[in-house]
Amino acid sequence: DPKVSAALEQKAQQWNQLSQMLLQQRQSFSSDNEKDSHGTLQLTTKLLTVNPDPSWMWNMRRDLLLLTSSPVKQFPVTPELDLTATCLQRNPKAYGAWFHRKWVVQQLCTRTEPMNNANDVSEQDVVSPMATLDSELGLCYNFLKLDERNFHCWNYRRFI
């Protein structure tokens, strides 16, 4: 069908343009400019939501999160878990999304201070590692109900 073919070609062109823009932003990124990092994180969110498979985008996202966080200003856990959940709903077997989710949980559980425990953050925004681990088991249960052969999810459940 020519209409479907044209629509797919347009989507591929948009994907390529956004990917190139992301690479350019990454090359010009400086850890001092929070506006740059926020824009680049938004672009990775947009691209990964459409296609959660490119591992280089997940790697770039982790780099940006580490560059913009510190012991005082830690990256927000909940949006990262929400992003990976959205990506896994799109592709429940996306290696990069499972790996990123595991990395986020590791960051949460290995910090000595509670995540998001900044002076300007309310107590309800502080993420509890134990509560997160409980909700992660629930997420695994839901994905395994859809496909009990999803070894990505089984591996993640074993990690949790």
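As shown above, the structure is provided for reference.
Given the structure is predicted, the values throughout are model-derived calculations rather than measurements. (Residues numbered from 1 in each chain as written. Predicted model: local features only at pLDDT ≥ 70, side-chain atom pairs only at ≥ 80, totals over all residues. Heavy atoms only, no water.)

### As for helix 6 (residues 129-146)
Piece 1. Over its 18 residues, helix 6 runs 26 Å from end to end, which matches the ideal 26 Å to within 8%, given 1.5 Å per residue.
Piece 2. Among all positions of helix 6, only T132, L133, E136, L139, C140, F143 and L144 are buried. When helix 6 is viewed along its axis, its buried side chains cluster within an angular range of 130° and face the same direction. Of the residues in helix 6, the exposed ones pointing more than 90 degrees away from the buried face are M130, D134, Y141 and K145.
Piece 3. In the core, the buried residues of helix 6 are packed alongside helix 4 (77-90), helix 5 (95-110) and helix 7 (151-159). (Helix = DSSP H or I, 4+ residues; strand = E, 2+ residues; numbered from the N terminus. Expected span 1.5 Å × (residues − 1). Buried < 20%, exposed > 50% of the residue type's maximum accessible area, 1.4 Å probe, protein only. Arc of directions from axis to C-beta. Contact = heavy atoms within 4.5 Å.)

### Points about the pattern of salt bridges
Piece 1. In this structure the tally under the stated criterion is four salt bridges.
Piece 2. E80 is the partner of R61 in a salt bridge, and the nearest nitrogen-oxygen pair spans 2.7 Å. Taken together, the residues span a long stretch of sequence, with R61 in helix 3 (residues 55-68) and E80 in helix 4 at a distance of 19 residues. Assigned by exposure class, R61 and E80 land together as buried.
Piece 3. The partner of D147 in a salt bridge is R149, and the shortest N-O contact between them spans 3.3 Å.
Piece 4. What makes D147 buried here is its relative accessible area of 18%.
Piece 5. When salt bridges that share partners are traced, they join K93, D147 and R149 into one network. (Salt bridge = Lys/Arg side-chain N within 4 Å of Asp/Glu carboxyl O.)

### Some details on the state of the cysteines
Piece 1. According to the stated counting rule, one finds zero disulfides in the structure shown.
Piece 2. Considering cysteine sulfurs only, C153 is the nearest to C140, which forms no disulfide, with 4.0 Å between them. (Disulfide = S-S within 2.5 Å.)

### Quick word on the side chain of T68
Piece 1. With respect to the helices and strands, T68 occurs in helix 3.
Piece 2. At 2.9 Å, the side chain of T68 and the backbone oxygen of L64 are in polar contact.
Piece 3. From its side chain, T68 meets the backbone oxygen of L65 in a polar contact 3.4 Å long. (Polar contact = N/O pair within 3.5 Å; in protein donor to acceptor, adjacent residues only side chain to side chain.)

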